[in-house]
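Observations on the model geometry
The lines below spell out each chain.
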Amino acid sequence: MTALLAVLRRDLRLALRQGADSLMVVAFFVITVTLFPFGVGPEQAVLERISSGVVWVTALLAALLSLDRLFQADYEDGSLDLLTLTPTPTLVLVVGKMVAHWLTTGLPLMVASPVLALLLHMRAEGYGVLLAAMALGTPSLSLIGGVGAALILGARRGGVLLSLLVLPLYVPILVFGVSAVEAAVMGLDATPQLMILGALLLGGLALCPWAAAAALKQAVA
């Protein structure tokens, strides 16, 4: 636990020093969502119908923007080699970096999502479920993305390869996240969708750190 907190503090300090990266993710999220009313028109009924899908898709793409810096910067300056040579298990290193990624990317996206949903005229019944779905879904984005980021270390055109690896795995999170909000808006019970998102998160917690740690060891070997 001490090693995990040390890795987490290190990555959070680096993220604060390079605050432009996190701001870029949130700015992309905000700008992309605000473009939709210009593209599809200002009709409230249309925006209300697509609001949950727009928020989730743009949040997913915004999270994808930040994945390449999860391990790449440490890999390029040699810090990753030194970190893997310490007594700290690679699994702890990976978990710390995934948690830091969520705190600097997923959490700001989750906080901004209700405001942007209001811009798209989402019905009031959907806000609480949107926050709950984001709270369950965005950590899964960081977990799955961490595996992809570890797999593409040292590869040419890694950003394109990362998108191809990660986006298909994001589809279930997107489907059930949007479905939960739409169920709440229609007055239905969104519990089944939220439970599936929770199950995906638990599965990711059990599998993704181990897979990312194995890929990281292979990259620095």
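What you see is a predicted model, and the numbers here were worked out from it, not measured in a lab. (Residues numbered from 1 in each chain as written. Predicted model: local features only at pLDDT ≥ 70, side-chain atom pairs only at ≥ 80, totals over all residues. Heavy atoms only, no water.)

Description of the overall build of the chain
Here is the rule we go by: Only DSSP runs of H or I covering at least 4 residues are called helices, and only runs of E covering at least 2 are called strands; the numbering of each starts at the N terminus. Only the protein chains shown count as cover for residues, and the accessible areas themselves come from Shrake-Rupley with a 1.4 Å probe. Residues counted as positive are Lys and Arg, residues counted as negative are Asp and Glu, and His and the chain ends are not counted. Charge positions come from single atoms, namely NZ of Lys, CZ of Arg, CG of Asp or CD of Glu.
The number of helices and strands found in the chain is nine helices and zero strands. Ordered by position from N to C terminus, the α and β elements of the chain give α-α-α-α-α-α-α-α-α. For the C-alpha atoms alone, the extent of the chain along its principal axes is close to 55 × 35 × 30 Å. Accessible surface computed for the chain: about 10,900 Å², of which carbon and sulfur atoms make up 71%. When the 11 positive and 12 negative side-chain charges of the chain are each reduced to one mean point, those points stand 9 Å apart.

As for the side chain of T32
Where we set the bar: Pairs of N or O atoms are called polar contacts if they sit within 3.5 Å, as long as, within protein, a hydrogen donor faces a hydrogen acceptor (for residues adjacent in sequence, only side-chain-to-side-chain pairs).
Among the secondary structure elements, T32 is positioned in helix α2 (residues 19-40). A distance of 2.6 Å separates the side chain of T32 from the backbone oxygen of F28, its partner in a polar contact.

What about unusual backbone geometry?
The backbone phi angle of H121 is positive, close to 60°, even though this residue is not glycine. Mapped onto the secondary structure, H121 falls in the loop between α6 (90-119) and α7 (125-151).

Quick look at helix α1 (residues 2-17)
Quick note on the threshold: Given the number of residues in a helix, its expected span is that number minus one, multiplied by 1.5 Å. Relative accessibility thresholds used throughout: buried, under 20% of the residue-type maximum; exposed, over 50%; partly exposed, between the two (1.4 Å probe, protein chains only). The directions from the helix axis to the C-beta atoms form the arc being described.
Relative to the 22 Å expected for 16 residues at 1.5 Å per residue, α1 spans 23 Å between its end C-alpha atoms, a close match to the ideal helical length. When α1 is considered as a whole, its buried residues turn out to be V7, L8, D11 and A15. Buried residues of α1, viewed axially, fall in a sector of 100°; they line one side. Of the residues in α1, the exposed ones pointing more than 90 degrees away from the buried face are T2, L16 and R17.

Description of the environment of T84
To keep things clear, this is the line we draw: The criterion used for residue contact is that any of the two residues' heavy atoms lie within 4.5 Å.
In this fold, T84 is placed in helix α5 (residues 79-85). As for T84 and K217, which are separated by 133 residues in sequence, their C-alpha atoms are 7.9 Å apart. Excluding residues within four positions of it along the chain, T84 makes contact with L93 and V220.

A word on the packing of helix α3 (residues 44-65) against α7
Just so we agree on the cut-off: Fitting a line to C-alpha atoms yields each axis, with helices limited to the stretch in contact; the angle taken between N-to-C directions then spans 0 to 180 degrees. When describing relative orientation, an angle under 35 degrees is termed roughly parallel and one over 145 degrees roughly antiparallel, while 65 to 115 degrees is termed roughly perpendicular and anything else oblique. Note on convention: near helix rotated counterclockwise from far helix by under a right angle means a left-handed crossing. Clockwise means right-handed. Ten residue types, Ala, Val, Leu, Ile, Met, Phe, Trp, Tyr, Cys and Pro, are classed as nonpolar, four, Asp, Glu, Lys and Arg, as charged, and the remainder, Gly among them, as polar.
One way to put it is that α3 packs onto α7 with a least axis distance of 11 Å and a crossing angle of 30°. On the basis of the axis angle, α3 is roughly parallel to α7. Note that α3 runs across α7; the crossing there is right-handed. Here V55, W56, A59, L60 and A63 of α3 come into contact with α7, specifically with L130, A133, M134, G137 and L141. Class assignment for the residues of the contact of α3 with α7 results in nine nonpolar, one polar and no charged.

A look at the packing of α3 against α6
For the pair α3 and α6, interaxial distance at closest approach is 10 Å and the crossing angle is 155°. Comparing the axis directions of α3 and α6 gives the class roughly antiparallel. For the pair α3 and α6, the crossing hand works out as right-handed. Between α3 and α6, the residues in contact are V55, A59, A62 and A63 and H101, T105, L109, S113 and A117, respectively. Here the contact of α3 with α6 is built from residues that sort into six nonpolar, three polar and no charged.

Quick notes on the pattern of salt bridges
The line we're drawing: One speaks of a salt bridge when a side-chain nitrogen belonging to Lys or Arg is within 4 Å of a carboxyl oxygen belonging to Asp or Glu.
Within the structure shown, the criterion is met by two salt bridges. One salt bridge in this structure joins E182 and R49, with 3.1 Å as the shortest N-O distance. Of this pair, E182 sits in helix α8 (residues 158-185) while R49 is found in helix α3, placing the two residues 133 residues apart along the sequence. Since its relative accessible area comes to 28%, E182 is described here as partly exposed. Using a relative accessible area of 56% as the deciding quantity, one classes R49 as exposed. As a salt-bridge pair, E125 and R123 come within 3.6 Å of each other at their nearest N and O atoms. With relative accessibility at 42%, the residue E125 sits in the partly exposed group.

A word on the environment of T104
Positionally, T104 belongs in helix α6. Along the primary structure T104 and S66 are separated by 38 residues, whereas in three dimensions their C-alpha atoms are 9.5 Å apart. The residues contacting T104, other than those within four sequence positions of it, are L12, A15, S22 and R69. There is a polar contact of 2.9 Å between the side chain of T104 and the backbone oxygen of A100. Polar side-chain contacts of T104 include one of 3.3 Å to the backbone oxygen of H101.

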